[in-house]
Amino acid sequence: MAKHSHNFVETFEGFSGYGLDRESNENTVQLYLQKFSDDNLMKVILKRMTDDDLDEVFEITGKMLKKYLTEPEYHQLFLKE
């Protein structure tokens, strides 16, 4: 069984737009991130990204993980240990 899930993008039927309210912003960010991480999209976009682009995505992701997750949450939720 898969450890990762992207169910939100498959089932969300609400408003997708940023700037209206907190709930819409959260939904839109989750939707965008799940769509962005699609395997087929990643196969295309990663090859086109510059080294600086890759560094930027890696750095912002790491920064968010360190800022908002405890060490146990990082291992459980991100690393799936």
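Residue numbering note: each chain is counted from 1, following its sequence as written. Given that the model is predicted, a residue must reach a pLDDT of at least 70 before its local features are reported, and side-chain atom pairs must reach 80 or more before they are shown or counted; all residues, however, enter totals for whole chains, interfaces and linings. Side-chain numbers come from the whole structure's heavy atoms, not from hydrogens or water.

Colleague: Lay out helix α3 (residues 39–48) in plain terms, naming residues and giving numbers.
Modeller: Burial classes follow relative accessibility: with a 1.4 Å probe on protein chains only, a residue under 20% of its type's maximum area counts as buried, one over 50% as exposed, and anything between as partly exposed. Going along the chain from the N terminus, every DSSP run of H or I of four or more residues is numbered as a helix, and every run of E of two or more is numbered as a strand. When you tally the buried positions in α3, you get one out of 10 residues, a small fraction of the element. What qualifies as a polar contact is a pair of N or O atoms within 3.5 Å, subject to a donor-acceptor requirement within protein and to the restriction that residues adjacent in sequence count only when both atoms come from side chains. Two or three places before Asn 40, at the start of α3, stands the capping residue Asp 38, its side-chain oxygen 3.1 Å from that residue's backbone nitrogen.

Colleague: Summarise the pattern of salt bridges; cite the residues concerned and give the values.
Modeller: Note that side chains of opposite charge can pair when their charged atoms are close. The term salt bridge refers to a pairing of a side-chain nitrogen on Lys or Arg with a carboxyl oxygen on Asp or Glu at a separation within 4 Å. In total, this model carries one salt bridge according to the counting rule given. As a salt-bridge pair, Glu 26 and Arg 22 come within 2.6 Å of each other at their nearest N and O atoms. Note that Glu 26 and Arg 22 are positioned in helix α2 (residues 22–36) at a spacing of four residues, about one turn of the helix. Assessed through its relative accessible area of 64%, Arg 22 is described here as exposed.

Colleague: I'd like a rundown of the layout of surface pockets, residues and numbers included.
Modeller: Considered as a void within the structure, the largest pocket measures approximately 1600 Å³ in volume. Here a cavity denotes a set of grid points, spaced 1 Å apart and computed over the protein atoms alone, in which a 1.4 Å probe fits but from which it cannot get out, and a pocket denotes an open set meeting protein on both sides within 12 Å along at least five of seven lines; residues with an atom within 4 Å of a point are reported as lining. Considering the residues around the largest pocket, the lining is formed by 31 residues, among which Leu 33, Thr 61, Met 64, Leu 65 and Phe 78 are closest to the centre. Counting only elements with at least two residues in the lining of the largest pocket, the list comes to α2, α4 (51–68) and α5 (71–78). With 10 residues, α4 is the largest single contributor of residues to the lining of the largest pocket. Polar here means any residue outside two lists: the nonpolar Ala, Val, Leu, Ile, Met, Phe, Trp, Tyr, Cys and Pro, and the charged Asp, Glu, Lys and Arg; Gly therefore counts as polar. Partitioning the lining of the largest pocket into residue classes produces 16 nonpolar, 10 polar and five charged. Grid points are joined across faces, edges and corners, and a volume is the space filled by probe spheres set on the points.

Colleague: Lay out a negative patch on the surface in plain terms, naming residues and giving numbers.
Modeller: Candidate patch residues must exceed 30% relative accessible area and have no salt bridge, after which like charges are joined if within 9 Å and Val, Leu, Ile, Met, Phe, Trp or Tyr side chains if within 5 Å. Note on areas: Shrake-Rupley, 1.4 Å probe, and residue coverage restricted to the protein chains presented here. In this count, Lys and Arg are taken as positive residues and Asp and Glu as negative ones, while His and the chain termini are left out. A charge is said to be at NZ when it belongs to Lys, at CZ for Arg, at CG for Asp and at CD for Glu. On the surface, a cluster of negative charge is made up of Asp 51, Asp 52, Asp 53, Asp 55, Glu 56 and Glu 59. By the secondary structure assignment, Asp 51 is in helix α4.

Colleague: Which residues make up the side chain of Asn 25, and what values do they have?
Modeller: With respect to the helices and strands, Asn 25 occurs in helix α2. Among the residues examined, Asn 25 registers a relative accessible area of 16% and is labelled buried. Whether two residues are in contact is decided by their heavy atoms, any of which lying within 4.5 Å being enough. Residues within four places of Asn 25 in sequence aside, it is in contact with Gly 17, Tyr 18, Gly 19 and Leu 20.

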